[in-house]
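Listed below are the residues making up each chain.
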Amino acid sequence: MNTTGRFFRCTTFGESHGRAIGAVVDGCPAGIEFSEDDVMPLMERRRPGKNPLSTPRSETDQVEILSGVFEGVTTGTPVAMIIRNENFRSGDYDELKDMFRPGHADYTYQQKYGIRDYRGGGRSSGRETAGRVMAGALAMKLLSCEGITVDGRILEIHGETDPAIFEEAILSAKRSGDSVGGIVEVSVMGCPAGLGDPVFGKLDASLAAAMMSIGAVKGVEIGDGFLSAGALGSENNDCMDKSGFLSNHSGGILGGISNGNEIVVRIAVKPTPSIEKDQKTVDVSGSERTISVGGRHDPCIVPRVVVVAECMAALVLADAFLSQKISRI
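Residues numbered from 1 in each chain as written. Predicted model: local features only at pLDDT ≥ 70, side-chain atom pairs only at ≥ 80, totals over all residues. Heavy atoms only, no water.

A closer look at the overall build of the protein chain
And step 1. The number of helices and strands found in the protein chain is seven helices and 17 strands.
And step 2. Computed over its C-alpha atoms, the radius of gyration of the protein chain comes to 21 Å, within 12% of the 20 Å expected for a compact globule of 329 residues.
And step 3. Structurally, the protein chain occupies a C-alpha span of about 65 × 55 × 40 Å along its principal axes.
And step 4. Of all 329 residues assigned to the protein chain, the portion counted as buried reaches 46%.
And step 5. Residue pairs at least 24 apart in sequence account for 71% of intrachain contacts in the protein chain once pairs closer than 6 positions are excluded.
And step 6. Of the roughly 15900 Å² that the protein chain leaves accessible, carbon and sulfur atoms contribute 52%. (Helix = DSSP H or I, 4+ residues; strand = E, 2+ residues; numbered from the N terminus. Rg over C-alpha atoms; globule rule 2.2 N^0.38 Å. Buried < 20%, exposed > 50% of the residue type's maximum accessible area, 1.4 Å probe, protein only. Contact = heavy atoms within 4.5 Å. Areas by Shrake-Rupley, 256 points an atom, 1.4 Å probe, with all protein chains shown as cover.)

Dropping the structure here:
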């Protein structure tokens, strides 16, 4: 599946070392003001090569809108966007093409398809998320017309919760040829009650699926999440008075439907699997090998994942918003 959404449908395409990365959004209503200027600030937050905390691969990530926008507004037809890859060095992967990198999708892609693009992981590369950000920018414009905003932040890096320590935790791992992960929180403000569908179309289920589709994400919680498992019902329930809810342990979603509170989602992001430390693996013939992954890699992808998570939340909410338009008169 390279497509997500029912009414606001996003398809991403392209490989890490291919000619371009892109997205096509179908189902976007006409009349929304949209241009490359709306996308570029988000792309800049995701863009590699900006500082010592990210991969030195330097891409301008200049977005081109190919269709679906005329005279600065959407036309109701598919909106296609691309960025052209410029600074890829496929030769960095020549020595690794016959080995399975620990923590990567090399082995599983080989087992599923019998072939894989070893140049940076192809579709399994974090570079695929550039297409999500392009589509997410359009989703955010749609949501902003309804007063809905999405914001993300880093809660932890390698177990540290003090933002003043984040940079040193990342650089320390980098100096030792290793990597670290962390926790990101995404909040949706201004969301009206009523979005999401019962049973299999729950809003929290859709958000969890969207977040888990990001390659480095290994855990998702909504609201109090796992803390609720240790709480009493009287502690976990969100009581109400005539002014509204008195707490938000549910993270803004009850019965799979938004309740008008702030929607809160947290994701666990694993350490970058490409590290210089020697690790045991096997090659395509099954022989045991030792591997050290050189090249240009992020010692921590958490800072760049924040905007991707925001965009995935926006895509889910845009789809839920359009779905709600046909749910009642």
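What to know about the nonpolar core
And step 1. Ranked by internal contacts, the top residues of the largest apolar core, which has 74 residues, are Phe8, Met81, Met134, Leu207, Ile263 and Leu317.
And step 2. For this core, the element with the highest residue contribution is helix H7 (residues 302-324), accounting for 17 residues.
And step 3. With near-sequence residues (within four places) excluded, Met134 lies in contact with Ile21, Gly22, Ala23, Phe34, Val39, Met43, Val63, Met81, Ile82 and Ile83. (Core = buried A, V, L, I, M, F, W, Y, C linked by side-chain atoms within 4.5 Å.)

Quick look at the packing of helix H1 (residues 36-46) against helix H3 (residues 129-144)
And step 1. Running from N to C, H1 and H3 cross one another at 140°; their axes reach a closest spacing of 9 Å. In this view, H1 runs oblique relative to H3, as classed from their interaxial angle. Crossing geometry of H1 relative to H3 is assigned as right-handed. Contact residues: H1 offers Asp38, Val39, Leu42, Met43 and Arg46, while H3 offers Thr129, Ala130, Val133, Met134, Ala137, Met140 and Lys141.
And step 2. Classifying every residue of the contact of H1 with H3 by side-chain character gives eight nonpolar, one polar and three charged. (Axes fitted to C-alpha atoms, helices over the stretch in contact; angles between N-to-C directions. Parallel < 35°, antiparallel > 145°, perpendicular 65-115°, else oblique. Left-handed = near helix turned anticlockwise from the far one by under 90°. Nonpolar A, V, L, I, M, F, W, Y, C, P; charged D, E, K, R; others polar.)

Details of the sheet that holds strand S2 (residues 9-14)
And step 1. The strand order across the open sheet formed by five strands is S1-S2-S3-S7-S4, and the pairing between neighbours is antiparallel. Each edge of the sheet is formed by a strand with only one pairing partner; in this case those strands are strand S1 (3-4) and strand S4 (64-67). (Pairing = 2+ DSSP bridges.)

What to know about the pattern of salt bridges
And step 1. Summed over all chains, the structure comprises 17 salt bridges.
And step 2. The partner of Asp61 in a salt bridge is Arg127, with the nearest N and O atoms 2.7 Å apart. Here Arg127 lies in the loop between helix H2 (106-113) and H3 and Asp61 lies in the loop between H1 and S4, a separation of 66 residues in the sequence. (Salt bridge = Lys/Arg side-chain N within 4 Å of Asp/Glu carboxyl O.)

A look at the environment of Thr74
And step 1. Of note, Thr74 is situated in strand S6 (residues 73-74).
And step 2. For Thr74, a relative accessible area of 3% translates into the label buried.
And step 3. A sequence separation of 64 residues divides Thr74 from Leu138, and the C-alpha atoms of the two residues are 9.6 Å apart.
And step 4. The residues contacting Thr74, other than those within four sequence positions of it, are Cys28, Pro29, Ala30, Gly31, Ile32, Phe34, Gly68, Val69, Val79 and Leu138.

Quick notes on the environment of Val199
And step 1. Mapped onto the secondary structure, Val199 falls in the loop between strand S9 (182-189) and helix H5 (203-212).
And step 2. For Val199, a relative accessible area of 54% gives the class exposed.
And step 3. Sequence-wise, Val199 and Gly256 are 57 residues apart; in three dimensions their C-alpha atoms are separated by 7.3 Å.

Regarding the pairing of strand S3 (residues 20-26)
Every other side chain in a regular strand lies on the same face of the sheet, so the side chains alternate between the two faces.
And step 1. The buried fraction of S3 is high, at five of seven residues.
And step 2. Summarising the sheet, S2 and S3 pair through six bridges and their orientation is antiparallel. Counted as the bridge partner of Arg9 is Asp26 from S3.
And step 3. Hairpin connection from S2 to S3: five residues lie between these consecutive antiparallel strands.
And step 4. As defined by bridge partners, S3 adjoins strand S7 (residues 79-84) across six bridges and the pair is classed as antiparallel. Bridge pairing in S7 places Val24 opposite Ala80.

As for H7
And step 1. Compared with the 33 Å implied by 1.5 Å per residue over 23 residues, the 33 Å span of H7 between its first and last C-alpha is a close match.
And step 2. The buried fraction of H7 is high, at 21 of 23 residues. (Expected span 1.5 Å × (residues − 1).)

Side note on the packing of aromatic side chains
Given two aromatic rings, one states the distance between the centres and the angle between the planes to describe the pair.
And step 1. Scanning the model with the defined rule gives two aromatic pairs in all.
And step 2. With a centroid separation of 5.4 Å and 85° between ring planes, the pair formed by Phe100 and Tyr107 is classed as edge-to-face.
And step 3. Under the relative-accessibility criterion, Phe100 is labelled buried at 8%.
And step 4. Since its relative accessible area comes to 46%, Tyr107 is described here as partly exposed.
And step 5. Above the plane of the ring of Tyr113 lies Lys112, whose end atom (NZ or CZ) is 5.6 Å from the centre. (Phe/Tyr/Trp six-rings, centres within 6.5 Å; stacked < 30°, edge-to-face > 60°. Lys NZ or Arg CZ within 6 Å of the ring centre and 35° of its normal.)

Regarding the pairing of strand S16 (residues 279-282)
And step 1. Here four bridges tie S16 to strand S17 (residues 288-291), and the two strands are oriented antiparallel to one another. Across the sheet, residue Gln279 finds its bridge partner in S17, namely Ile291.
And step 2. The loop that links S16 with its antiparallel partner S17 comprises five residues; one of these, Gly286, has a positive phi angle of about 90°.

A look at the sheet that holds strand S10 (residues 217-222)
And step 1. Read across the open sheet, the four strands follow the order S8-S9-S15-S10; overall the sheet is antiparallel. At either end of the open sheet lies a strand with only one pairing partner, and these are strand S8 (149-157) and S10. Strand-to-strand twist across the sheet, computed as the mean angle between neighbouring axes with direction ignored, equals 20°.
And step 2. Judged from the five bridges that link them, S10 and strand S15 (residues 263-269) form a sheet pairing that is antiparallel. Looking at S15, one finds that Val220 is bridged to Ile267.

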